[in-house]
Amino acid sequence: MTEVIVPQASVREAASVREISVRGAASLGDAVAHLVGLRELPAAEPTPIPAWSAPSGVPDLGVVIGQPLARRALEIAIAGRHSLALSGPPGIGKTLILRCGEGLLPPLEEGEAVEVSRIHSVAGLIDRREPVIRRRPFRAPHHTVSTQALVGGGSRVRPGEASLAHRGVLMLDEMLQFRADALDALRQPLESGIVTIARVEGALTLPARFTLLAAFNPCPCGWRGSHRHACRCEDGAARRYASRLSGPLRDRLDLWVAMDEPELRGAPDGAEPSSVVAERVHAAWRLQVERQGLANAELQGALGADGGLSARLGGLLQQRGRRFALSPRRLHRVARVARTIADLAGAPAVRQPDLDEALAYRPERAT
Ligand SMILES: [Zn+2]
């Protein structure tokens, strides 16, 4: 398509798409007059992509007390778009830390901005005067959300939270409280970045490539695995509860931190504020865009020497994999997380401490 005629009210939005001529018509008569050559409709000026500004009203990492591992895992997750799970007892700040993620997100690239804006437009969530979104979406649906609202659907198809979070974050607080079929429906987007919606007229595919940030209690009472309090749950109940995090979903998590109550509670410990962490995250993101045009989490297959993993470290990773009984798929994920850790340090290649740090966040270790 090289030219479109749209209703006058949609001109600004349509003209945000580059390399296409957009004309606005106030009535069908005007469109006909243009098409038969009676009265030409003027072509609209391209709508500028707005400047990015940091979101407001988002909690700051500087107020989080302790929890350096969880904080660091969040930084890595946002920088390379890796999925992250925080587990631990209630009231220790899991939700707060994940919420801080919104303040770390880098601006959308121009191509991404148009893509994200289109999805939000279809959902009727766009401001016609500001039709191009520059901030990455951060969606946090409640655990009572229906499967349809989560992945999309309906007789008049509406994008679900998974698609509204495209190129941004889908945060699932109390993840194990979500309906089992809703969690199951997230497997496809987590694996392939799309959702397929079955309809009478045929299947419809929507983009849904998001970073998953999840939090949950490890058992119904929340204290299983803690060094500070005893868990009061019966073994069977705790096992049934944990099994809600099915193997396939667990396999798709990149980073996992089992949090515990800190030894000392007190004032914030002078931790870095979000602005400092965001600077590192944005720089690491630029390195990925320049090197490969996509996020480290989206890399396919094994990371090789050209991706920054030397043969020696590749061999070391294989060795660790045998020792910890990690699947080949898990090793690929560890290598991609290590690549992000190196990018956060501005290092051209993965170093051994990057690999060791990435291994420390593997989900198999947390359980
Ligand atoms: Zn318990």
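This text gives an overview of the structure that appears in the document. (Residues numbered from 1 in each chain as written. Predicted model: local features only at pLDDT ≥ 70, side-chain atom pairs only at ≥ 80, totals over all residues. Heavy atoms only, no water.)

1. A word on the overall build of the protein chain
- Helix and strand counts for the protein chain stand at 16 helices and eleven strands.
- Relative to the globule expectation of 21 Å for 367 residues, the C-alpha radius of gyration of the protein chain, 23 Å, shows essentially globular dimensions.
- Per-residue burial for the protein chain yields a buried fraction of 49% across its 367 residues.
- Sequence separation of at least 24 residues holds for 72% of the intrachain contacts in the protein chain that already meet a minimum separation of 6.
- Entry remark: accessible area of the protein chain is about 17800 Å², with carbon and sulfur atoms responsible for 53%.
- One finds the centroid of the 47 positive side-chain charges in the protein chain at a distance of 4 Å from the centroid of its 40 negative side-chain charges. (Helix = DSSP H or I, 4+ residues; strand = E, 2+ residues; numbered from the N terminus. Rg over C-alpha atoms; globule rule 2.2 N^0.38 Å. Buried < 20%, exposed > 50% of the residue type's maximum accessible area, 1.4 Å probe, protein only. Contact = heavy atoms within 4.5 Å. Areas by Shrake-Rupley, 256 points an atom, 1.4 Å probe, with all protein chains shown as cover. Lys, Arg positive; Asp, Glu negative; His and termini not counted. Charge placed at Lys NZ, Arg CZ, Asp CG, Glu CD.)

2. Description of the coordination of the zinc ion
- Cys 219 (SG), Cys 221 (SG), Cys 231 (SG) and Cys 233 (SG) make up the full set of protein donors to the zinc ion, lying at 2.2 to 2.5 Å.
- For the zinc ion, the four donor atoms in the first shell make angles of 104 to 113 degrees at the metal, a pattern classed as tetrahedral.
- Mapping the donors of the zinc ion onto the primary sequence yields the spacing C-x1-C-x9-C-x1-C. Pair noted here: Cys 219 is in the loop between strand S10 (211–216) and helix H10 (235–242) and Cys 231 is in the loop between S10 and H10, with a separation of twelve residues, a long-range link.
- A relative accessible area of 0% places Cys 219 in the buried class.
- We classify Cys 231 as partly exposed; its relative accessible area is 25%. (Donors = N, O, S within 2.8 Å, 3.2 Å for Na, K, Ca; no water. Tetrahedral: all angles 85-135°; square planar, octahedral: opposite > 155°, others 65-115°.)

3. Notes on a nonpolar patch on the surface
- On the surface, Ile 5, Val 32, Leu 35, Val 36 and Leu 38 cluster together into a nonpolar patch covering about 510 Å² of accessible area.
- Residue position: Leu 38 is located in the loop between helix H2 (28–35) and helix H3 (68–80). (Patch = residues over 30% accessible without salt bridge, like charges linked within 9 Å, V, L, I, M, F, W, Y side chains within 5 Å. Salt bridge = Lys/Arg side-chain N within 4 Å of Asp/Glu carboxyl O.)

4. Describing the packing of helix H14 (residues 328–344) against helix H15 (residues 352–360)
- With their axes 8 Å apart at the nearest point, H14 and H15 run at an angle of 125 degrees to one another. By the angle between their axes, H14 is oblique relative to H15. Where H14 crosses over H15, the two elements pack in a sense that is right-handed. Counting all contacts with H14, which are made through Val 334, Val 337, Ala 338, Ile 341 and Ala 342, the residues of H15 involved are Asp 354, Leu 355, Glu 357, Ala 358 and Leu 359. (Axes fitted to C-alpha atoms, helices over the stretch in contact; angles between N-to-C directions. Parallel < 35°, antiparallel > 145°, perpendicular 65-115°, else oblique. Left-handed = near helix turned anticlockwise from the far one by under 90°.)

5. Some words on the pattern of salt bridges
- In the structure shown here, the tally under the stated rule is 27 salt bridges.
- Between Glu 357 and Arg 72 there is a salt bridge, and its shortest N-O distance comes to 2.8 Å. Here Glu 357, found in helix H15, pairs with Arg 72, found in helix H3; they are 285 residues apart in sequence, far enough to count as distant.
- Judged by its relative accessible area of 23%, Arg 72 falls in the partly exposed class.
- With its nearest N and O atoms 2.8 Å apart, the salt bridge here joins Arg 333 to Asp 254.

6. Some remarks on the environment of Leu 38
- According to the relative accessible area criterion, Leu 38 is exposed, its value standing at 70%.
- A C-alpha to C-alpha distance of 72 Å links Leu 38 and Arg 312, two positions 274 residues apart in sequence.

7. Remarks on the nonpolar core
- Leu 74, Leu 84 and Leu 213 are the most contacted members of the largest nonpolar core, which has 50 residues in total.
- With eight residues, H14 is the largest single contributor of residues to this core.
- In this structure, this core is formed jointly by two domains, domain 2 (61–258) and domain 3 (299–366), each of which donates at least three residues.
- Discounting chain neighbours no more than four positions away, the residues touching Leu 74 are Leu 61, Leu 84, Ile 97, Leu 98, Cys 100, Gly 101, Leu 104 and Leu 213.
- Listed in part, the 29 residues of the second largest apolar core include Leu 172, Ala 182, Ala 208 and Leu 253. (Core = buried A, V, L, I, M, F, W, Y, C linked by side-chain atoms within 4.5 Å. Domains from an automatic or database assignment.)

8. Section: helix H13 (residues 311–324)
- Counted at 1.5 Å a residue, the expected span for H13 with its 14 residues is 20 Å, and the 20 Å between its end C-alpha atoms agrees.
- Of all the positions in H13, only Leu 313, Gly 314, Leu 316, Leu 317, Arg 320 and Gly 321 are classed as buried. Take H13 and look down its axis: the buried residues cluster within an arc of 160 degrees, on one side only. The outward face of H13, more than 90 degrees from its buried face, is lined by the exposed residues Ala 311, Arg 312, Arg 322 and Arg 323.
- Contacts from the buried residues of H13 go to H14 and H15.
- Ala 325 sits one or two positions beyond H13 and adopts a positive phi of about 55 degrees. (Expected span 1.5 Å × (residues − 1). Arc of directions from axis to C-beta.)

9. Considering unusual backbone geometry
- A positive phi is found at Glu 174, a non-glycine position, where the angle reads about 50 degrees.
- Turning to its location among the elements, Glu 174 is positioned in the loop between strand S7 (169–172) and helix H8 (180–185).
- Residue classification places Glu 174 among the partly exposed positions, given a relative accessible area of 29%.
- Look at Ala 325: it is not a glycine, yet its phi comes out positive at around 55 degrees.
- Here Ala 325 lies in the loop between H13 and H14.
- We classify Ala 325 as exposed; its relative accessible area is 66%.

10. Looking at the sheet that holds strand S11 (residues 255–258)
- Spatially, S4-S7-S10-S3-S11 is the arrangement adopted by the five strands of the open sheet, whose pairing is parallel. A single partner strand is all that each edge strand has here, and the edge strands are strand S4 (138–139) and S11.
- Judged from the four bridges that link them, strand S3 (residues 84–87) and S10 form a sheet pairing that is parallel. Bridge pairing in S10 links Leu 84 to Leu 213. (Pairing = 2+ DSSP bridges.)

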